[in-house]
Amino acid sequence: MDPVLPDYGGACVTGLAPALVGAQPVDWLPDPVAGAEAVVLLVLDGLGWEAIATHADDMPTLRSLEGRAITTVVPSTTASALTSIATGLAPSQHGLVGYRMRVDGSVLNVLPWRTDKGKGPDPFLVQRHDAFLGR
């Protein structure tokens, strides 16, 4: 099977925040979402479109929802993808490309936001992009 590449200009997690706040119209949002006044974004980390299709009988509620496959980012780590969902930016733009990164002489574990010395730094010092375009 060929790898799935991110579609940064199309149906990709990077387009969710801009589409949901109305900053970037897209044609791939399901109709109920596109016309909604409010939306709950449920992220099931690691559960991809193919897994839902393969196990549809085990997930009748998810199977019944409207929508289509969209791509994730590269690298597709939780830290990178969640930051891309929130900011609308690719990992190369927002800077969180993995679970751990060097910050001020320490190693920051991004998910619990802690360093090997304890509490992590102010998040704005590491990632300076507003979530959901500041809305």
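Keep in mind the model is a prediction, meaning the values are calculated, not measured.

Asks: Quick question: what am I supposed to make of the pairing of strand β1 (residues 100-103) here?
Replies: The side chains of a regular strand alternate, residue by residue, between the two faces of the sheet. As judged from the four bridges shared by β1 and strand β2 (residues 106-109), these two strands associate in the antiparallel manner. Across the sheet, residue Arg-100 finds its bridge partner in β2, namely Asn-109. The turn linking β1 back onto β2 is made up of two residues, and Asp-104 within it adopts a positive phi angle of 50°.

Asks: Teacher, can you tell me more about unusual backbone geometry here?
Replies: Keep in mind that most residues, glycine aside, have a negative phi and that most peptide bonds are trans. Note that the residue after Val-74, namely Pro-75, is joined by a cis bond; omega there is 0°. Within the secondary structure, Pro-75 is located in the loop between α4 (60-64) and α5 (78-87). We note that Asp-104 has phi near 50°; this positive angle belongs to a residue other than glycine. Turning to its location among the elements, Asp-104 is positioned in the loop between β1 and β2. Looking at Asp-104, the relative accessible area reads 71%, which means it is exposed.

Asks: Is there a simple way to think about the pattern of salt bridges in this case?
Replies: Note that side chains of opposite charge can pair when their charged atoms are close. If you walk through the whole model with that rule in mind, you get one salt bridge. Of the charged contacts, one joins Arg-63 and Asp-57 as a salt bridge, the two residues approaching to 3.3 Å between their closest N and O atoms. The exposure class of Arg-63 is partly exposed, given its relative accessible area of 44%.

What counts as what
Residues numbered from 1 in each chain as written. Predicted model: local features only at pLDDT ≥ 70, side-chain atom pairs only at ≥ 80, totals over all residues. Heavy atoms only, no water. Pairing = 2+ DSSP bridges. Helix = DSSP H or I, 4+ residues; strand = E, 2+ residues; numbered from the N terminus. Buried < 20%, exposed > 50% of the residue type's maximum accessible area, 1.4 Å probe, protein only. Salt bridge = Lys/Arg side-chain N within 4 Å of Asp/Glu carboxyl O.

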